[in-house]
Every structure is written in structure tokens, then in C-alpha cells.
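So the chains spell out like this:
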Amino acid sequence: MATSASAQLSKTVKQQYMELPQGDQVQVMYIWIDGTGEGLRCKTRTLDSEPKSLDDLPEWNFDGSSTYQSEGSNSDMYLIPAAMFRDPFRKDPNKLVLCDVIKYNRKPAETNLRMSCKKVMDMVEDQVPWFGMEQEYTILGTDGHPFGWPSNGFPGPQGPYYCGVGSDKAYGRDIVEAHYRACLYAGVMICGTNAEVMPAQWEFQVGPCEGINMGDHLWVARFILHRVCEDFGVVATFDPKPITGNWNGAGCHTNFSTKEMREEGGLKAIEESIERLAKRHEYHIRAYDPKGGLDNARRLTGHHETSNIHEFSAGVANRGASIRIPRSVGQEKKGYFEDRRPSANCDPYAVTEALIRTCLLNEEGEERVEY
């Protein structure tokens, strides 16, 4: 796997240019999801003043034939600013802007799932849906080998690495710390990090976020992670099973609650939602990775703290279940539940929308309802 040689260039030399004054002008980096449903793209333009809201940001366009999103004969795609953050790489007053992608006919691109998600979130706004997503990822070297692993072998078996400390247990903490601080600066609602079960695997958590903000904040956190890794000369992968064999895969466990679930006696609403989810397992599996369940099939084997992809299960404090009710929720009879099925490379818009459709809009069967 070849990566940018810029990682080896002197960051000290770069810094002297980054410290030059930029006058009143502002650099705005437009970010979007490409035609794979997983990859992120970006480009920058100059504005004459600092944008204070989305209304201050112009639409832009790009060549969709180079991002797997259109044919060359009709390749213009349009970027519609959707969420704005501070830029931790260029710093204030510069911005990162996550965009919707729409086609020449003003309809959303096939991999732009945000617009559909936003419509559904607006329908249940009064129920105040909160989400928290636990994003696992693996750090790879430029050769595609897990960072810090022996070049011609394997590290010791899993056991000492989860939440581990020490250079023989925590591989790549500099990446994690840089990413955490960059997210805080940007205004991303990152709420924690930890080393995961497989060495060179880490997790960060984003939330609680209400409605559409969950997808916005997780996608921007992913973008920032890729940029941090670019500076360090390593690669972050969200592949749900980057290493075959007796190693944990990578998921994106999704915590969900409504106002009713968080109030006294909310356990009843939680249990009703789980009953609905049990009847719609295959629909959710298809929504929980970009390949309609094929990626997750490598991870959800029933081993390595996962449920079996073909079976729905739920339980209190059970990490081998599809849905886990935290023990504290079982005791307090209110709170939230955790859907452990989404893969690390899921689209958070698809995951959160599916949960709303099944749990709050009471959809049944395998087809989405058009609103």
C-alpha cells in the first residue's frame, strides 16, 4: 500500500508557512462522501471573510466521474454545505465544511444518505432521539501491515491490549492523542477514546448527539483521523475484519435512546423497541455496512465478542448479543440500549435512520417506506 510521501517531509519547514498571516481571507475545506459510500474527498476554496453560518457558504461543484459518482459525459456534481466545524489543521478562522452531494437534477447522489436521514429525523424531533457511536479502527503502516506488529509474524495473543498502557501494549497512541485534541478543537462531540482488544486497534466515541448531528459529527471525526494519520505517515482503516484469524474485528456500536426511554419507567419503551428490531433483523444487517451485509459477514461470526449475523439476540450486559442493555439500565429501569451490529465502516446516517424507522416509525418488513 503506497501512501503520500508528504508524511516524511519536514513539518518544521511547513510550520513557518502556516504561521504567515492570511489577512481577512479564509480557507474553507469542503468535505464529502464519495461513490464508495466509505471514502472521503475534500477540496479548498478561499472566502473573503469568515463564515458565521451555513448561509455564508456558497454551493460548489466537482467532477463526479473521478469519485465514482457520475459518468464523464455528465460529470458535474454539486456540494451543498451541511455542517461547519473549526479547522484544527489550518486553525481559526479557517473551516471544515461537511457537504451534501446532489446530482445535476438536484436529487441526492446515491451515496448521499444524509438527506433521507434528515427527513426522518425531522419527523421524530419531538421524541428527542439521542445517539452515541463507538468507532473502532485499526492503524496500519504504509505497507498495509498493522502498525507496530512484527514484520514477519504476530504479536502476542489478545488479552493485555484492551485499554492497555506501555509501549508493548499500546501501538500508536500519538495518533489517538492528536486526533482527540483535533476533534475537540474542531467542535466535534468526541467523548472518549481507548485502546481496543487487538493490538494497533483503537476506538473513539462520539456523542451524545441529537438526530442528524450524529452522522455529521462522526463523518467529520473520521475525516480528521485520516488527516492526522496522513501527517504521521500511517493509515487508518475502518475495515470490519482487517486481520483474519483469532483477532477481534472492528465495529461501530451504536447507543440509542429517546426522551421516553431516558425518563422513569423508560425500560418499557426500550423493550418495545427491541421487539421491533427482532422482527427486522435482515433489514438492519443490510443497512449496517456499505456492502449490504457482506463486510459484516466477515465480522459477525458469533465469536470475538460478536453476535451471529444470521440470528438476532438481546441481553443485559451481554457483549455477544445483537442488542445489549447495559446493566445499569436494567437496574434503573431507564436509559438506552446498544446495537452492536453496525460495522466499523458503516454509514452513520444509514444506521441512525434505520433505528428511527424501526423503533419510532414502527416500520415493518424488509422495505423502506417513502415519506
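Rules used in this analysis
Residues numbered from 1 in each chain as written. Predicted model: local features only at pLDDT ≥ 70, side-chain atom pairs only at ≥ 80, totals over all residues. Heavy atoms only, no water. Buried < 20%, exposed > 50% of the residue type's maximum accessible area, 1.4 Å probe, protein only. Helix = DSSP H or I, 4+ residues; strand = E, 2+ residues; numbered from the N terminus. Pairing = 2+ DSSP bridges. Core = buried A, V, L, I, M, F, W, Y, C linked by side-chain atoms within 4.5 Å. Contact = heavy atoms within 4.5 Å. Salt bridge = Lys/Arg side-chain N within 4 Å of Asp/Glu carboxyl O. Axes fitted to C-alpha atoms, helices over the stretch in contact; angles between N-to-C directions. Parallel < 35°, antiparallel > 145°, perpendicular 65-115°, else oblique. Left-handed = near helix turned anticlockwise from the far one by under 90°. UniProt positions renumbered as here; feature names shortened; annotations may be inferred.

Engineer: Which parts of the structure should I look at to understand the pairing of strand 1 (residues 26–33)?
Structural biologist: A regular strand places its side chains on the two faces of the sheet in alternate fashion. The buried fraction of strand 1 is high, at seven of eight residues. Adjacent in sequence and paired antiparallel, strand 1 and strand 2 (residues 40–47) are bridged by six residues, among which Gly 37 carries a positive phi angle near 80 degrees.

Engineer: For this particular structure, what's the right way to read the nonpolar core?
Structural biologist: The nonpolar side chains of a soluble globular protein tend to be buried, and buried together. Core analysis: the largest hydrophobic core is formed by 68 residues, its most contacted members being Tyr 137, Val 188, Ile 224, Phe 256, Phe 337 and Leu 355. Among the elements that make up this core, the one with the highest residue count is helix 4 (residues 213–232) (10 residues). Those residues in contact with Phe 256 that sit more than four places away from it in its chain are Pro 129, Trp 130, Phe 131, Met 261, Tyr 336, Phe 337, Leu 355, Ile 356, Cys 359 and Leu 360.

Engineer: Mind showing me how you'd approach the pattern of salt bridges here?
Structural biologist: Where side chains of opposite charge bring their charged atoms close, a pairing between them can arise. Scanning the entire structure with this criterion turns up 27 salt bridges. The residue Asp 34 makes a salt bridge to Arg 41 at a minimum N-O spacing of 2.9 Å. When its relative accessible area of 25% is taken as the criterion, Arg 41 is described as partly exposed. Linked by salt bridges that have partners in common, Glu 38, Asp 239, Lys 291, Asp 295 and Arg 298 make up one network.

Engineer: Is there a simple way to explain the packing of helix 4 against helix 10 (residues 348–359) in this structure?
Structural biologist: The axes of two packed helices give the description: the angle between them and the distance between them. Following both chains from N to C, one finds helix 4 and helix 10 inclined at 155 degrees, their axes separated by 8 Å at the closest point. By the criterion of interaxial angle, the relationship of helix 4 to helix 10 is roughly antiparallel. Two packed elements cross with a definite hand, and for helix 4 against helix 10 that hand is right-handed. Residue-level contacts link Met 214, Gly 215, Asp 216, Leu 218, Trp 219 and Arg 222 of helix 4 to Pro 348, Tyr 349 and Thr 352 of helix 10.

Engineer: Even after reading the chapter, I still don't get the UniProt feature "domain: GS beta-grasp" (unreviewed entry) in the protein, so can you show me in this structure?
Structural biologist: Residues annotated in UniProt with the feature "domain: GS beta-grasp" (unreviewed entry) correspond here to residues 24–106. Along residues 24–106, the helical share is 0% and the strand share 47%, with 33 Å between the first and last C-alpha atoms.

Engineer: Just to check I follow, could you spell out the UniProt feature "domain: GS catalytic" (unreviewed entry) in the protein for this structure?
Structural biologist: Under the feature "domain: GS catalytic" (unreviewed entry), the UniProt entry names residues 113–371. With 34% helix and 17% strand, the stretch residues 113–371 has end C-alpha atoms that lie 14 Å from each other.

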